[in-house]
Amino acid sequence: MTTVLQRPIASVHGRDQQVTCADGRTTRSIDLDYAASAPALDAVVERVREVLPHCASVHRGAGHKSQVCTREYESARNTVHRFCGADPDDVVVFTRNTTDALNLLAGCVPGDTVVLDVEHHANLLPWRNRRVVRSADSVEETLTRLGDELASRPAALLAVTGASNVTGEVLPLDRLADLAHRHGARILVDGAQLVPHRAVDITAAGIDYLAFSGHKLYAPFGAGVLVGRRDWLDVAEPYLAGGGATRHVSVLGASVDIDWAPSPARHEAGTPNLLGAVAIAAACDEIGAIGHGAIATHDQECTGALLGGLTALAGVSVLRLWSDSADIVGIVSFTVDGVDAGALATALADDHGIAVRAGKFCAHPLLSRVGAADGAVRASIGLGTTADDVDRFVEAVRVTCLSLRDRVTTGSLASAS
């Protein structure tokens, strides 16, 4: 694994935290659960600390602190707009997370939404008039099936995941955008897993809407983003009705007359999450400073080492959706013959201080499709991952699987006797 970077590519908060194992040993914790929630970058933490002393009402006050906070909030919006390569007319709406952003857009779509059956639940469940297309065993055939569905009758939106949260496989977004537009539909990309690993220029790729979460982009302060075309957002009912979403309200007898504000205010009722927005913007700035090229190289090297180490172990099966997928971000899910996924993840944490995810990853249909209906183990890398992390993880999986198999065998023998 000499090609993998020996040091983190970015300064990640809490990376050197020590944990106590079940046997009383103390060891440096290893976080291979970035795909669930990434730790904050140190630069993000420092930026939040800078803003904290000025916290006050955003958009609502005349005082100095309020004016500072309003500038910070709108500056964060502009930073995200640039980071995504958005068109000048596109709007950035701050939400709670990706799921929140997709539910917001679902209330704005004037027609049917076409989705794949292998989506994360956040991009499968919210759409009100969904038409589900069964994914094929190859990307090419999957695109053909989507094209056939879009051609069969009009749809307003094609909603796809940029990178699978289970397999890490990346779809060709520019081709999907062209496919949607050719049939008169728009395209939404769930970028929760893609944006932390790859540059996403929505204007260049022809993407109409992009959603992602701060907590997966090294900014775990409770905010997310929906960015894209404003016309649907400006005519839809507000996602939340309340203060800040209106231009004027009057009571006429027993009725209330409301003049709703345009987006983004229309969908940001209530006091906004200033620190969440600032944190996302700081993460965007830091990622831009590191460079997407360097991040992609680090990602590919670590993922390659992770795949190489796991596939060399007896009984390990790495999950894949498509035989011809050409790009994978830093997510590897796998099963081990004769080993329960939950037991393996628990033992890795308790005995080795290594954090991974086990289960169905809010993608139950996908797990069934790849033959892991009972769940799998997922290891996911990020900017703080090093060669040592990968080495320790692979060795821990080897040792743990041997131990768990021994326990099962011993238990079976005891039962038989």
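Residues numbered from 1 in each chain as written. Predicted model: local features only at pLDDT ≥ 70, side-chain atom pairs only at ≥ 80, totals over all residues. Heavy atoms only, no water.

Colleague: Give me the pairing of strand β4 (residues 91-95): which residues, what numbers.
Modeller: Counted residue by residue, β4 has 5 buried out of 5 residues, so it is predominantly covered. Across the two faces of β4 the burial is the same, with Val91, Val93 and Thr95 and Val92 and Phe94 all buried. Bridge count between β4 and strand β10 (residues 224-228): 5 bridges; the pairing is antiparallel. Residue pairing across strands places Val93 opposite Leu226, the latter belonging to β10. (Buried < 20%, exposed > 50% of the residue type's maximum accessible area, 1.4 Å probe, protein only. Helix = DSSP H or I, 4+ residues; strand = E, 2+ residues; numbered from the N terminus. Pairing = 2+ DSSP bridges.)

Colleague: Can you explain the pattern of salt bridges? Please cite residues and give values.
Modeller: Applying the stated rule across the entire model yields 29 salt bridges. Note that Asp389 and Arg28 form a salt bridge whose closest N and O atoms lie 2.7 Å from each other. Residue Asp389 is located in helix α12 (residues 387-416), and its partner Arg28 is located in strand β2 (residues 26-28); the two are separated by 361 residues in the primary sequence. In terms of burial, Asp389 and Arg28 fall into one category: buried. The salt bridge partner of Arg96 is Asp100, with a shortest N-O separation of 3.5 Å. By relative accessible area, which is 56% here, Arg96 ends up exposed. Here the salt bridges share partners, and the residues they tie into one network are Arg15, Asp16, Arg28, Asp388 and Asp389. (Salt bridge = Lys/Arg side-chain N within 4 Å of Asp/Glu carboxyl O.)

Colleague: So what's going on with the nonpolar core? Which residues, and what values?
Modeller: Of all hydrophobic cores here, the largest spans 80 residues; its most connected members are Val80, Leu158, Leu176, Leu210, Phe212 and Leu367. Among residues more than four places away in sequence, those in contact with Phe212 are Val80, Cys84, Asn97, Thr98, Gly191, Ala192, Val195, Leu217, Gly224, Val225 and Ile280. The next biggest cluster of nonpolar side chains, apart from the first, holds 28 residues, and it includes Val336, Ile354, Ile381 and Val394. (Core = buried A, V, L, I, M, F, W, Y, C linked by side-chain atoms within 4.5 Å. Contact = heavy atoms within 4.5 Å.)

Colleague: How would you sum up the side chain of His121? Please name residues and give values.
Modeller: Within the secondary structure layout, His121 lies in the loop between β5 (113-116) and β6 (130-133). The residues contacting His121, other than those within four sequence positions of it, are Pro126, Cys362, Ala363, His364 and Pro365.

Colleague: Describe the sheet that holds strand β9 (residues 209-213), with residues and values.
Modeller: What the 7 strands build is an open sheet, ordered β4-β10-β9-β8-β7-β5-β6; its pairing is mixed. At either end of the open sheet lies a strand with only one pairing partner, and these are β4 and β6. Strand-to-strand twist of the sheet, defined as the mean angle between neighbouring strand axes without regard to direction, takes the value 20°. Contacts between helix α2 (residues 64-83) and the sheet are confined to β4, β9 and β10, with β4 contributing the most and set at about 115° to the helix. With respect to the sheet, helix α5 (residues 173-182) is in contact with β7 (157-161) and β8 (186-190), its orientation differing from that of β8 by roughly 150°. (Axes fitted to C-alpha atoms, helices over the stretch in contact; angles between N-to-C directions.)

Colleague: Run through the packing of aromatic side chains, naming residues and quoting values.
Modeller: Tallied over the full model, the rule gives 4 aromatic pairs. Where Tyr73 meets Phe94, the ring centres are 5.3 Å apart and the plane angle is 50°; that geometry is what we call tilted. In this pair, Tyr73 is assigned in helix α2 and Phe94 in strand β4, connecting sequence segments 21 residues apart. What makes Tyr73 buried here is its relative accessible area of 2%. Among the residues examined, Phe94 registers a relative accessible area of 9% and is labelled buried. (Phe/Tyr/Trp six-rings, centres within 6.5 Å; stacked < 30°, edge-to-face > 60°.)

Colleague: Give me the side chain of Ser29: which residues, what numbers.
Modeller: On the secondary structure map, Ser29 appears in the loop between β2 and β3 (30-31). The class for Ser29 is buried, based on a relative accessible area of 16%. Residues contacting Ser29, with those up to four places away along its chain left out, are Arg15, Gln17, Val19 and Gly353.

Colleague: Any chance you could break down the sheet that holds strand β14 (residues 331-336) for me, citing the residues and the numbers?
Modeller: With antiparallel pairing, the 4 strands of this open sheet are ordered in space as β13-β14-β17-β16. Strand pairing shows two members of the sheet lacking a second neighbour, β13 (316-318) and β16 (357-359), which therefore form its edges. When strand polarity is set aside, the average angle formed by the axes of neighbouring strands in this sheet is 30°. Relative to β14, helix α9 (residues 292-311) is tilted by about 5°, and along the sheet it contacts β13, β14 and β17 (376-380).

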